[in-house]
Structures are given as structure tokens and as C-alpha cells.
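These are the residues of each chain, in order.
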2 protein chains.
Amino acid sequence: MAATHSSPVPRNRAPRGSARSALIAAAHATVRRQGYAATSVDEICAVAGVTKGAFFHHFESKEALAVAAAEGWTERARPMFELAPHNRLDDPLARLLGHIDFRLSMLDGPTEDYTCFVGTMVQEAYATSDRIRAACEASINAYCEALAPDIQAAIEAYGVPEDMTAIGLAQHVQSVLQGAFVLAKTTNDPAIARGTVTHLKRYVRMLFGRN
Amino acid sequence: MAATHSSPVPRNRAPRGSARSALIAAAHATVRRQGYAATSVDEICAVAGVTKGAFFHHFESKEALAVAAAEGWTERARPMFELAPHNRLDDPLARLLGHIDFRLSMLDGPTEDYTCFVGTMVQEAYATSDRIRAACEASINAYCEALAPDIQAAIEAYGVPEDMTAIGLAQHVQSVLQGAFVLAKTTNDPAIARGTVTHLKRYVRMLFGRN
DNA sequence: GACAACATACCAACCAGTCGGTATGTAGAA
DNA sequence: TTCTACATACCGACTGGTTGGTATGTTGTC
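What comes next concerns the included structure. The shown structure was predicted, so the numbers you read here are calculated from the model rather than taken from an experiment. (Residues numbered from 1 in each chain as written. Chains lettered and ligands numbered in written order. Predicted model: local features only at pLDDT ≥ 70, side-chain atom pairs only at ≥ 80, totals over all residues. Heavy atoms only, no water.)

1. What about the overall build of chain A?
And step 1. The secondary structure content of chain A amounts to 10 helices and zero strands.
And step 2. Secondary structure elements of chain A, listed N to C terminal, follow the sequence α-α-α-α-α-α-α-α-α-α.
And step 3. For the C-alpha atoms alone, the extent of chain A along its principal axes is close to 75 × 35 × 30 Å.
And step 4. Scored against the burial criterion, the 211 residues of chain A give a buried share of 51%.
And step 5. Taking as baseline every contact in chain A between residues at least 6 positions apart, the subset at least 24 positions apart corresponds to 68%.
And step 6. Accessible surface, chain A: about 9900 Å² in total, of which carbon and sulfur atoms supply 53%.
And step 7. Between the centroid of the 21 positive side chains of chain A and the centroid of its 22 negative side chains there is a distance of 7 Å. (Helix = DSSP H or I, 4+ residues; strand = E, 2+ residues; numbered from the N terminus. Buried < 20%, exposed > 50% of the residue type's maximum accessible area, 1.4 Å probe, protein only. Contact = heavy atoms within 4.5 Å. Areas by Shrake-Rupley, 256 points an atom, 1.4 Å probe, with all protein chains shown as cover. Lys, Arg positive; Asp, Glu negative; His and termini not counted. Charge placed at Lys NZ, Arg CZ, Asp CG, Glu CD.)

Right, here's the structure in full:
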């Protein structure tokens, strides 16, 4: 019954060395749908198309995969935002508003395709796993810090209320997005999320005197 | 070893009939800390101080408790907001800004004490349990609809951009709050959350021409 | 042949849910 | 008032399946 040493069917397997990234991608997809705790290691392995042996070869625990997946999430998002066309605009405020429009355009299709992996995971793990919490914090931080320079430049170009910082507004942008995802999940529809991000866009325009 | 019919130690037990509400309160506390999937029925029972028998006497499943707890969350929040002093102000915009200040003042102490039970739960359950998703949607909806009349009155009194609705702004308020909770969990500190809600307050003031 | 990259078989702990039973209350008949 | 019949509230041992994790075997590559 077992395959002989010279099986004629090579059992088309994923190329050697791809298991790690496949597991991270599977974690992204599965956790975004069901959350972290409800996702089992077996399930992640099945989605990734590898076995448990491969899983524990690359990660010492489920928690370690979560940390690696949070780092992977940052790497996955970075080029998507950096290479977007609005980044080539000259005016920093136009780049910021372009970014918000870009985020707005992403709010479409199935819920699990536009929601945030680290935002979902940190809600479950902030109190029980400090390693996961810190990894999610780092990912969110990277996003805010990537947004801050354009905001800072816009502040310098257009002025803004005194008690406001670039990083603070970047955190507000991220906050509205995370909240939009939560609201969208309650209806399983991105309509509410688009409404909320539209309010955010209006706020930014008003802040910089462009309404 | 078993207690005799006239045990001198009455084994101080919670009063008869209190198990159901104790279980709901325990669910609120535990899920806010660890999330829904990571919280076991045994754990909820232990926190509530009842046994599994009592649990399954009152709820046919863990999912049924989740639905009841979502409804209980609405009931728990309602009087807190209704009885707050800012509700007695005459001006609707002052009531709205007072509400935001009230929410701001709540962002203090341990994370699990100010975060939202239904917001946490819906992130995990939106795709796997439609009953839980709908119960969370109803709770969030109740909040937005409670906020909408004051917003509507403020719109009528002060005017506002055309393409804006009372319920839409109420949803934006809720969205910012939910996002603030996520960001706060990231650092396990409410400072970011306060910054974000402060941006929200400034937006509302600007919208109604009060900056 | 040595080492990394997998696969397979397995385990103890834990999980949601079940079930037979007990304790407490309550309504009606005598 | 008190006894019977029944309902509700609660208890905790038990079960079958699932969980994260391990131990060991196999395969491809340098």
C-alpha cells in the first residue's frame, strides 16, 4: 500500500523551502477570517499544504508563528502602499489624501480580504501573549511612521492647530481604519467602513483648511 | 465526607437564580481580556462561581451565552450613557460633545475595563457564527441609534455638509472608539486612544463650525 | 554522508457538551 | 397546615473529539 522507493507519481509537492512563507500566508488568511485562538495549527498546515512536521520545523510554537506572521504582515503591506501612484504626487497633503482614497478603494469585496491581520490578532492576544502584542505594536507603528513624514510636511506647508503632531494624526488615521474594520465585521459589509473613512478624509481636508 | 442533611456550614453559595446574570457578567470580563475563542466554558463558570451544570441549564451552548451576553452588554451600557450629566444640557451639540468627553474620560485604567465586549467578540465570530455577528450588530446599532437624535438636532440647529447623515456620524463616532480600543490594546495603554478620540472631538467641533 | 527540509505517528491536556442526580421552591388538594 | 406532585435551579463526573506539541522516520541537496 505504501509508495515504493521509485514511485512513478512524484506527488506534486510544493517546492522545497517554501513551507515557511506558505505557513505565514495561511496564517494571514485564516486568522483574518476566524481569529487567532479559533485557528488551529492543523488548519494552518492544511491551508498551507504542509504537514505539522514542517510547521514545527520552522516555528517552535504557534505563538512564534504569530510573531513571524505579524512581521510578515508589515513586509507584505509596505510595497503595496509605497508603490501606489499617489506617492508620486508633489504636494504632501495630496499624497496624504491620496493615501486615504487608496485605503477607501480597498474597502470592497469579502470582509477577510480587506481587514487587518495584526489588528485582529492583537485584540485576542494583548493580555495573554506579550510577544504577540509587541509584534503587532511594531507592525502598527511601522505603518504610522511611514505615514508621518507626509503629514509632517503638510503641517509645515499648510499649518495646523498647535496641539497636533504628525504621528498623532497618523495614529488617528490607523485608528479610524481599525474601527472601520470592526464595524464592517458587524454587518459583513464594507459600506459602513467607507462612510467612516469618508469622514476621516473630510476631517483631514478641514484640518488643513481645504474644505 | 458528604454534607449531612443539617450541615452546620451552609457552604455560602450565591443566591438561587443569580447564576444566569453571573455567567453573563463573567463572560463580559473574561472575553474582554482574552477574546471569545480563548475563553473556555469552564473558565467562565469558575469566574461566575457556578458549575457547568448551571451553565448548560441556562444556555444551550457557548454560542447561546455569547448572544445573551451581547444583549446584556447593551442593557449594561444604556443607563451609563443615559444617566450621564451631559444629557441634561439644553444644546444638542453640547450634549454630543459632552458624550465624547465622557467617552474620553472612560479611557483610563486597565485595558479590559474600558474596551468593548461586542467589538472584541464580533472580530472573532463574524464569519463563523451568524447568530453572534447579528447580536453584536444589534448592540452597536442600539448605540448609534441612541446617539443619532442629538446629532440630528445639532444638524438642524447648526447646519452641516449636505452629504452627511446623523446616523453616519454616529457610526463614525463608534468607529473611532472601536479603533481606539484596538490601538490601545497594541500598547496596553489608553494614551493613543485618548489622542484619537481628541481628534474626533475636534472634527465634530469643526463640522458644526465651533473651532 | 551530513544536514536541512520535510512527513508520519503519536500523546497528554483540554475542550464543549451530556447525563444522572440533588436541592429548593411552589401550587393545589385534603 | 401539611402533604403530594411537580418544576426549576443547580451539581459534578464523564465522554468523544480536538488541541498544541513531540519523537522519529524519510527525502532531497550540497
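Okay, back to it.
2. Points about the protein's contact with DNA strand C
And step 1. Within the structure, DNA strand C sits among 20 residues, and Arg16 and Thr51 of chain A together with Val41, Lys52 and Lys62 of chain B are positioned closest to it.
And step 2. Across the atoms of DNA strand C situated within 4 Å of the protein, the share located in sugar and phosphate is 54%.
And step 3. A distance of 2.8 Å is found between a base nitrogen of DNA strand C and a side-chain nitrogen or oxygen belonging to Lys52 of chain B.
And step 4. Elements with a contribution of two residues or more to the surface near DNA strand C: α3 (52-58) of chain A together with α3 (52-58) of chain B.
And step 5. If you tally residues by element for the surface near DNA strand C, the top one is α3 of chain A, at five residues.
And step 6. Residues that form the surface near DNA strand C fall into these classes: five nonpolar, nine polar and six charged. (Near = heavy atom within 4 Å. Polar contact = N/O pair within 3.5 Å; in protein donor to acceptor, adjacent residues only side chain to side chain. Nonpolar A, V, L, I, M, F, W, Y, C, P; charged D, E, K, R; others polar.)

3. Quick look at empty space enclosed by the protein
Residue and element names in this part refer to chain B.
And step 1. Scanning the model with the defined rule gives two cavities of 30 Å³ or more in all.
And step 2. Here the largest cavity is characterised by a volume of approximately 50 Å³.
And step 3. Within the residue set of the lining of the largest cavity, elements represented by two or more residues are α1 (19-34), α4 (62-82) and α7 (117-125).
And step 4. The element contributing the most residues to the lining of the largest cavity is α4, with four residues.
And step 5. Looking at the lining of the largest cavity, its residues break down into nine nonpolar, one polar and one charged. (1 Å grid on protein atoms, 1.4 Å probe; cavity = no way out; pocket = protein on both sides within 12 Å on 5 of 7 lines; lining within 4 Å. Points joined across faces, edges and corners; volume = space filled by probe spheres on them.)

4. So, the state of the cysteines
Chemically, a disulfide is nothing more than a covalent bond linking the sulfur atoms of two cysteines.
And step 1. On inspection of all chains with the given rule, the structure shows zero disulfides over all chains.
And step 2. For Cys144 of chain A, which is in no disulfide, the shortest distance to another cysteine sulfur is to Cys116 of chain A and amounts to 11 Å. (Disulfide = S-S within 2.5 Å.)

5. Quick notes on the interface of chain B and chain A
And step 1. In this complex, chain B contributes 45 residues to the contact, which on the side of chain A involves 45 residues.
And step 2. For chain B, the biggest contributors to the area lost against chain A are Gln123, Tyr126 and His199 of chain B; these three give 18% of the whole.
And step 3. Linking chain B with chain A are two salt bridges.
And step 4. Between Arg202 of chain B and Asp163 of chain A there is a salt bridge; the shortest N-O distance is 3.2 Å.
And step 5. Inspection of the region where chain B meets chain A yields 21 residue pairs in polar contact (both at pLDDT 80 or more). (Buried area = accessible area lost by both parts, 1.4 Å probe. Salt bridge = Lys/Arg side-chain N within 4 Å of Asp/Glu carboxyl O.)

6. Some details on the packing of aromatic side chains
And step 1. Within this structure, the stated rule accounts for 13 aromatic pairs over all chains.
And step 2. Note on Trp73 of chain A and Phe117 of chain A: the rings are 5.9 Å apart at their centroids and 45 degrees apart in plane angle, and the pair reads as tilted. Of this pair, Trp73 of chain A sits in helix α4 (residues 62-82) while Phe117 of chain A sits in helix α7 (residues 117-125); the two residues are 44 residues apart in sequence, bridging distant segments of the chain.
And step 3. For Phe117 of chain A, a relative accessible area of 1% gives the class buried.
And step 4. Aromatic ring contacts, followed pair by pair, group Phe55, Phe56 and Phe59 of chain A into a single cluster.
And step 5. Of note, Lys62 of chain B hangs over the ring of Tyr36 of chain B, and the distance from its end group to the ring centre comes to 4.3 Å. (Phe/Tyr/Trp six-rings, centres within 6.5 Å; stacked < 30°, edge-to-face > 60°. Lys NZ or Arg CZ within 6 Å of the ring centre and 35° of its normal.)

7. Details of the environment of Arg88 of chain A
And step 1. Among the secondary structure elements, Arg88 of chain A is positioned in the loop between α4 and α5 (92-106).
And step 2. For the pair Arg88 of chain A and Thr30 of chain A, spaced 58 residues apart in the sequence, the C-alpha separation amounts to 34 Å.

8. Topic: the relation of the copies chain B and chain A
And step 1. Aligned on chain A, chain B shows an RMSD of 0.0 Å; the corresponding rotation is 180 degrees and the shift along the axis is 0.0 Å. Both copies of the chain, as the preceding transformation shows, are related through a two-fold rotation axis. Scanning chain B for the C-alpha nearest the rotation axis identifies Gly179 of chain B, at a separation of 1.8 Å.
And step 2. Most of the interface of chain B is mirrored in chain A: 100% of its interface residues are interface residues there too. (Least-squares fit on C-alpha atoms with pLDDT ≥ 70 in both.)

9. Description of the environment of Thr111 of chain B
And step 1. When you line up the elements, Thr111 of chain B lands in helix α6 (residues 111-114).
And step 2. For the pair formed by Thr111 of chain B and Thr128 of chain B, sequence separation is 17 residues and the distance between their alpha carbons is 26 Å.
And step 3. Leaving out residues up to four positions away in the same chain, Thr111 of chain B has contacts with Tyr126 of chain A together with Lys185, Asn188 and Asp189 of chain B.
And step 4. Side chain to side chain, Thr111 of chain B and Asn188 of chain B meet in a polar contact 2.6 Å long.

10. Here's the deal with the protein's contact with DNA strand D
And step 1. The local shell around DNA strand D holds 20 residues, among which Val41 and Lys52 of chain A together with Arg16, Gly17 and His58 of chain B are the closest.
And step 2. One nitrogen or oxygen atom from the main chain of Val41 of chain A is found 2.8 Å from a phosphate oxygen belonging to DNA strand D.
And step 3. In this structure, a phosphate oxygen belonging to DNA strand D sits 2.6 Å away from a side-chain N or O atom of His58 of chain B.
And step 4. Listing elements by their share of the surface near DNA strand D, those giving two or more residues are α3 of chain A together with α3 of chain B.
And step 5. Considering every element that reaches the surface near DNA strand D, the biggest residue donor is α3 of chain B, with four residues.
And step 6. Residue classes in the surface near DNA strand D are distributed as six nonpolar, nine polar and five charged.

11. A look at the side chain of Glu124 of chain A
And step 1. Relative to the helices and strands, Glu124 of chain A is located in helix α7.
And step 2. The side chain of Glu124 of chain A sits in the buried core without any salt bridge; Lys62 of chain A is the nearest counter-charge, 7.4 Å away.
And step 3. Looking at Glu124 of chain A, its side chain comes within polar contact range of the main-chain nitrogen of Tyr36 of chain A, at 2.7 Å.
And step 4. Among all residues touching Glu124 of chain A, those that are not within four sequence positions of it are Gly35, Tyr36 and Ala37 of chain A together with Gln34 and Glu124 of chain B.

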